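Remarks on the overall topology
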Amino acid sequence: VQLQASGGGLVQAGGSLRLSCAASGSISSISVMGWYRQAPGKQRELVATIASGGMRNYIESVKGRFTISRDNAKNTVYLQMNSLKPEDTAVYYCNARTWNGLTAYWGQGTQVTVSS
């Protein structure tokens, strides 16, 4: 499975960005897709996930501001980020996990920078 992420950039606080992650390869093996982020000097953290059936999970700090969605026909997962804050600045990584949970795939990171 290959994951191609796009959509990062520089935005002012309060602005919006949408990240996209297109999956290719053995798509049928994928169950959950999601986004992680890693800020400078910090550990990578889970931001949001969406299962193949549509169930979503978010970390508390992005609830009400970020929305994860998935287009199974296009094998693409999106992260709509609204009301961005400087603390959202990080490299964002797309992630996909197999049905048995044993394998995780990662896309290349995409930088999101929110200026105050």
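This text follows the structure it describes.
The paragraphs below set out a description of the structure included in this document.

The rules behind the values
- Residues numbered from 1 in each chain as written.
- Predicted model: local features only at pLDDT ≥ 70, side-chain atom pairs only at ≥ 80, totals over all residues.
- Heavy atoms only, no water.
- Salt bridge = Lys/Arg side-chain N within 4 Å of Asp/Glu carboxyl O.
- Buried < 20%, exposed > 50% of the residue type's maximum accessible area, 1.4 Å probe, protein only.
- Helix = DSSP H or I, 4+ residues; strand = E, 2+ residues; numbered from the N terminus.
- Pairing = 2+ DSSP bridges.
- Axes fitted to C-alpha atoms, helices over the stretch in contact; angles between N-to-C directions.
- Core = buried A, V, L, I, M, F, W, Y, C linked by side-chain atoms within 4.5 Å.
- Contact = heavy atoms within 4.5 Å.
- Disulfide = S-S within 2.5 Å.

Let's talk about the pattern of salt bridges
Evaluation of the coordinates by the stated rule reveals 4 salt bridges. Of the charged contacts in the structure, one is a salt bridge between lysine 63 and glutamate 60, with a shortest N-O distance of 3.2 Å. Classification of glutamate 60 by relative accessible area gives exposed; the value is 60%. One salt bridge connects aspartate 88 with arginine 65, and the closest N-O pair in it is separated by 2.7 Å. Of this pair, aspartate 88 sits in the loop between β8 (76-81) and β9 (90-98) while arginine 65 sits in the loop between β6 (56-58) and β7 (66-71), placing them 23 residues apart in sequence.

Focus: unusual backbone geometry
With glycine set apart, most residues show a phi of negative sign, and most peptide bonds adopt trans. Not every positive phi belongs to a glycine, and asparagine 75 is a case in point at roughly 55°. On the secondary structure map, asparagine 75 appears in the loop between β7 and β8. Despite not being glycine, serine 83 has its phi angle at roughly 50°, a positive value. Judged by relative accessible area, which is 40%, serine 83 ranks as partly exposed.

A few points about the sheet that holds β8
Spatial ordering of the open sheet is given by β1-β3-β8-β7, a layout of 4 strands whose pairing is antiparallel. Whereas interior strands pair on both sides, the edge strands pair on one side only; in this sheet they are β1 (2-6) and β7. Geometrically, the sheet is characterised by an average inter-axis angle of 15° between neighbouring strands, direction not taken into account. With 5 bridges connecting them, β1 and strand β3 (residues 17-24) associate as antiparallel partners. Looking across to β3, one finds that serine 6 is bridged to serine 20.

A word on the nonpolar core
Counting 29 residues, the largest nonpolar core has Met33, Trp35, Leu79, Met81 and Tyr92 as its most contacted members. For this core, the elements supplying multiple residues, two or more each, are β1, β3, β4 (30-38), β5 (45-50), β7, β8, β9 and β11 (110-115). Sequence-distant contacts of tyrosine 92, that is, excluding residues within four places in its chain, are made with Leu19, Trp35, Tyr36, Arg37, Val47, Phe66, Leu79, Met81, Gln108, Gly109, Thr110 and Val112.

Focus on the state of the cysteines
A covalent bond between the sulfur atoms of two cysteines is what we call a disulfide. Inspection of every chain in the model, using the stated rule, returns 1 disulfide. Bridging cysteine 21 to cysteine 94, the disulfide has an S-S length of 2.0 Å. Since a negative S-S torsion denotes a left-handed disulfide, the cysteine 21-cysteine 94 link at about -85° is left-handed. With a gap of 73 residues between them, cysteine 21 in strand β3 and cysteine 94 in strand β9 connect regions that are remote in the sequence. In this structure, cysteine 21 and cysteine 94 share a single accessibility class: buried.

A short note on the environment of lysine 74
Positionally, lysine 74 belongs in the loop between β7 and β8. Sequence separation between lysine 74 and alanine 22 is 52 residues; the distance between their C-alpha atoms is 7.5 Å.

What to know about the pairing of β9
Within β9, 7 of the 9 residues are buried, which leaves the element mostly enclosed by the surrounding structure. As judged from the 8 bridges shared by β4 and β9, these two strands associate in the antiparallel manner. Looking at β9, one finds that methionine 33 is bridged to alanine 96. Pairing geometry for β9 and β11, over 3 bridges, is antiparallel. Bridging across to β11, valine 91 finds its partner in glutamine 111.

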